[in-house]
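These are the residues of each chain, in order.
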Amino acid sequence: MELRFYLRILQRSWWVIAISALLAVNISLINSYYFAMPMYESVARFVVSPNAKNIESRELVNSLEALDKRSIISTYAEILNSRDVINGTFQLLMADPEKFSAYKTSVTVLPDANIIRFSVKGPDPNVTAMLANSIGQYAINFVRKLYIIYDIDFLDKAVAAKEPYQPQPLQDAGLALIVGLGLGVGIAIFRDQLSSSLDSLGQRRMVDSES
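Now for a look at the structure at hand. Everything numeric in this text was worked out from a predicted model, so none of it was measured.

**Focus: the overall build of the protein**
Helices and strands together make up the secondary structure of the protein, namely seven helices and four strands. Traced from its N-terminal end to its C-terminal end, the protein shows the element sequence α-α-β-α-α-α-β-β-α-β-α. Buried positions account for 32% of the 211 residues belonging to the protein. Here the protein displays about 13900 Å² of accessible surface, and carbon together with sulfur accounts for 59% of that area.

**Things to note about helix α6 (residues 125-146)**
Taking 1.5 Å as the rise per residue, α6 with 22 residues should run 32 Å; its terminal C-alpha atoms sit 32 Å apart, in good agreement. Looking at α6, one finds that the buried residues are P125, V127, T128, A129, L131, A132, N133, I135, G136, A139, I140 and V143. Sitting at the amino-terminal end of α6 is D124, which places a side-chain oxygen 2.9 Å from the backbone nitrogen of N126.

**Side note on unusual backbone geometry**
Among all residues save glycine, negative phi is the norm, and among peptide bonds the norm is trans. The residue after Q166, namely P167, is reached through a cis peptide bond having omega -5 degrees. Turning to its location among the elements, P167 is positioned in the loop between β4 (150-156) and α7 (169-210). Its identity is not glycine, yet M94 carries a phi of approximately 55 degrees, on the positive side. Overall, M94 belongs to the exposed group, its relative accessible area being 79%. We note that D112 has phi near 60 degrees; this positive angle belongs to a residue other than glycine.

**A few points about the sheet that holds strand β1 (residues 40-50)**
Sheet architecture is open: four strands sit in the order β2-β3-β1-β4, paired in antiparallel fashion. Lying at the two open borders of the sheet, with one neighbouring strand each, are β2 (104-109) and β4. Within this sheet the neighbouring strands show an average axis-to-axis angle of 25 degrees, counted without direction. Relative to β4, β1 runs antiparallel, the two sharing six bridges. When the bridges of β4 are listed, F46 appears paired with F154. Sitting on the sheet, helix α4 (residues 71-80) touches β1, β2, β3 (115-122) and β4, and the angle it makes with β3 is about 20 degrees.

**Some remarks on the packing of α4 against α6**
Between α4 and α6, the shortest axis-to-axis distance is 9 Å and the interhelical angle comes to 125 degrees. The orientation of α4 with respect to α6, classified from their angle, is oblique. With respect to the hand of their crossing, α4 and α6 are arranged in right-handed fashion. Contact residues: α4 offers Y76, I79 and L80, while α6 offers I135, G136, A139, F142 and V143. When its residues are assigned to classes, the contact of α4 with α6 shows seven nonpolar, one polar and no charged.

The rules we used
Residues numbered from 1 in each chain as written. Predicted model: local features only at pLDDT ≥ 70, side-chain atom pairs only at ≥ 80, totals over all residues. Heavy atoms only, no water. Helix = DSSP H or I, 4+ residues; strand = E, 2+ residues; numbered from the N terminus. Buried < 20%, exposed > 50% of the residue type's maximum accessible area, 1.4 Å probe, protein only. Areas by Shrake-Rupley, 256 points an atom, 1.4 Å probe, with all protein chains shown as cover. Expected span 1.5 Å × (residues − 1). Polar contact = N/O pair within 3.5 Å; in protein donor to acceptor, adjacent residues only side chain to side chain. Pairing = 2+ DSSP bridges. Axes fitted to C-alpha atoms, helices over the stretch in contact; angles between N-to-C directions. Contact = heavy atoms within 4.5 Å. Parallel < 35°, antiparallel > 145°, perpendicular 65-115°, else oblique. Left-handed = near helix turned anticlockwise from the far one by under 90°. Nonpolar A, V, L, I, M, F, W, Y, C, P; charged D, E, K, R; others polar.

Everything listed is a geometric property; what it means functionally is a separate question.
Now the structure itself:
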């Protein structure tokens, strides 16, 4: 019974729901195309492995087993994304760190692999790629001065992204459509309940006046 009651409300106020959904989609598209700043991501990948030049062959197996403990590769990942390494890269580039304040870095150790994923996100795809590779190279040089048993090197260098990862107009518009429909349903039900309450109040006043 309750379901039929609400379905009747939605049938009577379908235009409210349609306007709400259309308005939400339009706002989303306008924001995506005219106001949202495109953001790009460039990713460099690094591989950590025993340094064959600095360990004897009989120790190679033990070195590989040690990598499975993940502490070594996690340490290298923290070095790669450390503030000192990033600031050192800026100094090497002779650039003001404030110039790159809009760029964010993140690092991920891939599961079941000795691979580190280093990401740089920002408004310029060429700058994100340049920073990912420059910071990566600085970290490689930094690590090689400290550790001689395990080596780190590029597996894949970063390249400039051709498309931004945000905004995504179609995806954002789809989400806005769902939100608009939900909001429209809420408005329709509230509008019907308010109208019923006002009608009941008006009838009550009429009865009081006659009595």
